[in-house]
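So the chains spell out like this:
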Amino acid sequence: MKVLEALSTVAGKYFAVWVILISVIAFIFPEPFLGLGGYITILLGVVMFGMGLTLKAVDFKIIITKPLPVIIGVFSQFIIMPSVAFLIAKLMNLPAELAAGLVLLGCVPGGTASNVMVYLAKGNVPLSIAMTSVSTLLAPIMTPLLLLLLAGQWMPVDFFDMFKSIVQVILLPIVLGLAIKRFFPVAVEKSLTVLPLISVAAIITIVSAVVSGNAASIAASGFLIFTAVMLHNGFGLLFGYLAAKVLGLDEVNRRAISIEVGMQNSGLGVALATAHFGPLAALPSVLAAAWHNISGPILATYWSKKHAGDSIEKAPVHPAETKL
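So, a few notes on the structure that sits alongside this text. (Residues numbered from 1 in each chain as written. Predicted model: local features only at pLDDT ≥ 70, side-chain atom pairs only at ≥ 80, totals over all residues. Heavy atoms only, no water.)

### So, the overall build of the protein
Phase 1 of the analysis: A count of helices and strands for the protein gives 15 helices and zero strands.
Phase 2 of the analysis: Within the protein, buried positions represent 56% of all 324 residues.
Phase 3 of the analysis: Within the protein, contacts between residues at least 6 apart in sequence are counted, and of these 86% link residues at least 24 apart.
Phase 4 of the analysis: Counting every atom, the protein has about 13700 Å² of accessible surface; 74% of that belongs to carbon and sulfur. (Helix = DSSP H or I, 4+ residues; strand = E, 2+ residues; numbered from the N terminus. Buried < 20%, exposed > 50% of the residue type's maximum accessible area, 1.4 Å probe, protein only. Contact = heavy atoms within 4.5 Å. Areas by Shrake-Rupley, 256 points an atom, 1.4 Å probe, with all protein chains shown as cover.)

Laid out in structure tokens, this is it:
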């Protein structure tokens, strides 16, 4: 068990390295990974099941006690990122499938890796966790609705099919995780330290499947879409911070909202793009899985060296936080 815990720690700490490494390997030697595409939805369900195991009632306390920052953050999440993705796709004149994939990346909820980044950045961790949870629970409605409004010009969007997919790969695994935790708390607590290993293994398998299946497309347009993903992430971080500042929130809340808005659930983006738009549309989310876990630590390190004020709310970030 201690060996697994050690491997889990290493897997979580160097997640971005593993994503980049497996991407390069799958790009150069795609054949061994081509058969993994059919397991993407199942693997994402495993990751979200892990999220359900880690959720606690206290994670939602801030929604009742201090709802305004949560409301501002979630609204910013579902307004800024889809809008920025749409504008970048238009201005860069991206091909239809890549444009739809970038907008899809903007329409998915925040990823739980952001919770760790907010903790390192000395931001409001309870707000970050609440934003991740609320945006994830709203995703079955908000993600297909926003895609219908913004991405329909590039690819056909079936609202109800996508709603059903998100319920299956997000809500049901989370609910199952919560139920398992409720009835088997001791067993769950003992297993939490190895969850990062399972989550990282699932995500890098998803990444390898998409990269191997799109090696030729990546060679042709990889730089273009990587630039789009970097711009999307950068503007999300910036506008999330500015929105919180303009609306009068303090520094710790600004940092939390900035990181939450800028970092997306790229695993969900990959699964939905592959299932509903085509494998090429998954490319923005694949690149985001690596880039968000590079830009996030850079920003968190910068903020960790700057005073955030005295109103910071402390909450432990469990080592089982997944890296999405």
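### Quick word on the nonpolar core
The nonpolar side chains of a soluble globular protein tend to be buried, and buried together.
Phase 1 of the analysis: Counting 95 residues, the largest nonpolar core has L102, L147 and F277 as its most contacted members.
Phase 2 of the analysis: Setting aside its immediate chain neighbours within four residues, L102 contacts A85, I88, A89, L94, A228, V229, H232 and P284. (Core = buried A, V, L, I, M, F, W, Y, C linked by side-chain atoms within 4.5 Å.)

### Considerations on helix α5 (residues 67–91)
Phase 1 of the analysis: Over its 25 residues, α5 runs 36 Å from end to end, which matches the ideal 36 Å to within 8%, given 1.5 Å per residue.
Phase 2 of the analysis: At S76, α5 is deflected by roughly 25°, the largest bend along its length.
Phase 3 of the analysis: Directly after α5, the chain includes N93, whose backbone phi takes a positive value near 50°. (Expected span 1.5 Å × (residues − 1). Bend = angle between axes of the 7 residues up to and from the residue.)

### Observations concerning the packing of aromatic side chains
Phase 1 of the analysis: On inspection of all chains with the given rule, the structure shows five aromatic pairs.
Phase 2 of the analysis: Between the aromatic rings of F86 and W154, the centroid separation amounts to 5.7 Å while the plane-to-plane angle is 55°, which identifies the pairing as tilted. Of the two residues, F86 is situated in helix α5 and W154 in the loop between α8 (125–150) and α9 (159–183); the sequence distance between them amounts to 68 residues.
Phase 3 of the analysis: Residue W154 is classed as buried on the basis of its relative accessible area, which comes to 17%.
Phase 4 of the analysis: Ring plane angle 25° and centroid distance 5.7 Å describe the contact between Y241 and W303, whose orientation is recorded as stacked. Remark: W303 occurs in helix α15 (residues 283–304) and Y241 occurs in helix α12 (residues 215–246); sequence separation between them is 62 residues. (Phe/Tyr/Trp six-rings, centres within 6.5 Å; stacked < 30°, edge-to-face > 60°.)

### A short note on the environment of L242
Phase 1 of the analysis: Assignment of secondary structure puts L242 in helix α12.
Phase 2 of the analysis: Each C-alpha atom of the pair L242 and S258 lies 8.0 Å from the other, and the pair is 16 residues apart in sequence.

### A short note on the packing of α12 against α15
Phase 1 of the analysis: Two elements in contact, α12 and α15, have axes separated by 9 Å at closest approach and are oriented at 40°. By the criterion of interaxial angle, the relationship of α12 to α15 is oblique. You can see that α12 and α15 cross each other, and the crossing is right-handed. Across from I218, G222, I225, F226, V229, M230, N233, L237 and Y241 in α12, the residues of α15 making contact are L283, P284, L287, A288, W291, H292, S295, L299 and W303.
Phase 2 of the analysis: Looking at side-chain class alone, the contact of α12 with α15 contains 14 nonpolar, four polar and no charged residues. (Axes fitted to C-alpha atoms, helices over the stretch in contact; angles between N-to-C directions. Parallel < 35°, antiparallel > 145°, perpendicular 65-115°, else oblique. Left-handed = near helix turned anticlockwise from the far one by under 90°. Nonpolar A, V, L, I, M, F, W, Y, C, P; charged D, E, K, R; others polar.)

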